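# Reading the structure
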Amino acid sequence: MADEKGIPERRIAFLETCFEVFCENGLENTGLKMLAEACSVTNGSLLYYFGSKDNIIIESTAHCMAKVEYDFMAKAPTSFEDIERFLREMPYLTAKLHGEKYRFMYQVYASPKYRKHGKEFFKGVNVRYHRYAVLLSGKLGMPVDFIQGMIYIFVRACVHYALFEDEDYLKLQLDAIRVSLRLFVKESKLKEENL
């Protein structure tokens, strides 16, 4: 990847604008000229900031998908009682707001050319999901590992729904989460009774 050049705020604005253009037009249909025009700069300016179109693809995808993830987790449940609201609302909300972004992300990271960057991105996802689980653990009264596992299942269900609008898959995944939560509550009550 190119060294980070230019004004940081401007760089971020370029990443976000370029990502929108990629999402709208797809990987193969988006050229450097189209990206530069959307950013209201010359091709040379974009190349100064990023070095190549490949770097724009890699950096804009990682940056913008991390933003999607933060947006997703900002709506996380604030208590155990709030979990059902999150399960009911979030798949549809994220599909509406971010479906196009998920489709582009998979187009990029499924490509042999960018697969290693996808692996790196998802290593970061693992770290961030663990951090989210730690934050939610106290609010929800559940162990970190349990929450992290539920986050993976839920996010994958939401992403799959955003990609394919597959209600059956979504329902099965949400039902699996609900059963897991009921079993967790039942096990917790049994432990309390045995103390």
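Residues numbered from 1 in each chain as written. Predicted model: local features only at pLDDT ≥ 70, side-chain atom pairs only at ≥ 80, totals over all residues. Heavy atoms only, no water.

### Examining helix H5 (residues 83-109)
In an α-helix, one turn spans 3.6 residues, which is why side chains three or four residues apart end up on the same side. Relative to the 39 Å expected for 27 residues at 1.5 Å per residue, H5 spans just 31 Å between its end C-alpha atoms, considerably shorter than the ideal helical length. Maximum bend of H5: about 70°, positioned at His98. (Helix = DSSP H or I, 4+ residues; strand = E, 2+ residues; numbered from the N terminus. Expected span 1.5 Å × (residues − 1). Bend = angle between axes of the 7 residues up to and from the residue.)

### Let's talk about the nonpolar core
Membership of the largest hydrophobic core comes to 59 residues, with the highest contact counts inside it found for Leu46, Ile56, Phe72, Ile151 and Phe154. Looking at this core, the elements that each hand over two or more residues are helix H1 (8-25), helix H2 (32-39), helix H3 (43-50), helix H4 (53-74), H5, helix H6 (115-140), helix H7 (144-164) and helix H8 (167-193). Residues within four places of Phe154 in sequence aside, it is in contact with Phe72, Phe86, Leu87, Met90, Pro91, Leu174 and Ile177. (Core = buried A, V, L, I, M, F, W, Y, C linked by side-chain atoms within 4.5 Å. Buried < 20%, exposed > 50% of the residue type's maximum accessible area, 1.4 Å probe, protein only. Contact = heavy atoms within 4.5 Å.)

### Section: the pattern of salt bridges
Per the stated rule, a full pass over the model turns up 13 salt bridges. The partner of Glu59 in a salt bridge is Arg11, and the shortest N-O contact between them spans 3.2 Å. Residue Glu59 is found in helix H4, and its partner Arg11 is found in helix H1; the two are separated by 48 residues along the sequence. For Glu59, a relative accessible area of 11% puts it in the buried group. Given the relative accessible area of 5%, Arg11 is considered buried. The salt bridge involving Lys75 is made with Asp71; its shortest N-O contact spans 2.8 Å. The partly exposed category is assigned to Lys75, whose relative accessible area is 27%. (Salt bridge = Lys/Arg side-chain N within 4 Å of Asp/Glu carboxyl O.)

### Quick notes on H3
Every buried residue of H3 is accounted for by Leu46, Tyr49 and Phe50. Each buried residue of H3 lies within a common arc of 80° when the element is viewed along its axis, so the set occupies one face. Next to the buried residues of H3 lie H1, H2 and H4. With its phi angle positive at about 90°, Gly51 sits one or two positions after the end of H3. (Arc of directions from axis to C-beta.)

### Overview of the side chain of Arg128
Counting through the fold element by element, Arg128 comes out in helix H6. In contact with Arg128, not counting residues within four places along its chain, are Ala66, Glu69, Tyr70 and Phe121.

### Looking at the packing of H3 against H4
Between two packed helices, both the angle of their axes relative to each other and the distance between the axes serve to describe the pair. Direction vectors running N to C along H3 and H4 enclose 60°, while the axes themselves pass 9 Å from each other. In terms of orientation, H3 and H4 fall into the oblique class. Pair H3 / H4 crosses with left-handed handedness. Contact with H3, carried on its side by Leu46, Leu47 and Phe50, involves Lys53, Asn55, Ile56 and Glu59 of H4 and no other residues of that element. In terms of residue class, the contact of H3 with H4 is made up of 4 nonpolar, 1 polar and 2 charged. (Axes fitted to C-alpha atoms, helices over the stretch in contact; angles between N-to-C directions. Parallel < 35°, antiparallel > 145°, perpendicular 65-115°, else oblique. Left-handed = near helix turned anticlockwise from the far one by under 90°. Nonpolar A, V, L, I, M, F, W, Y, C, P; charged D, E, K, R; others polar.)

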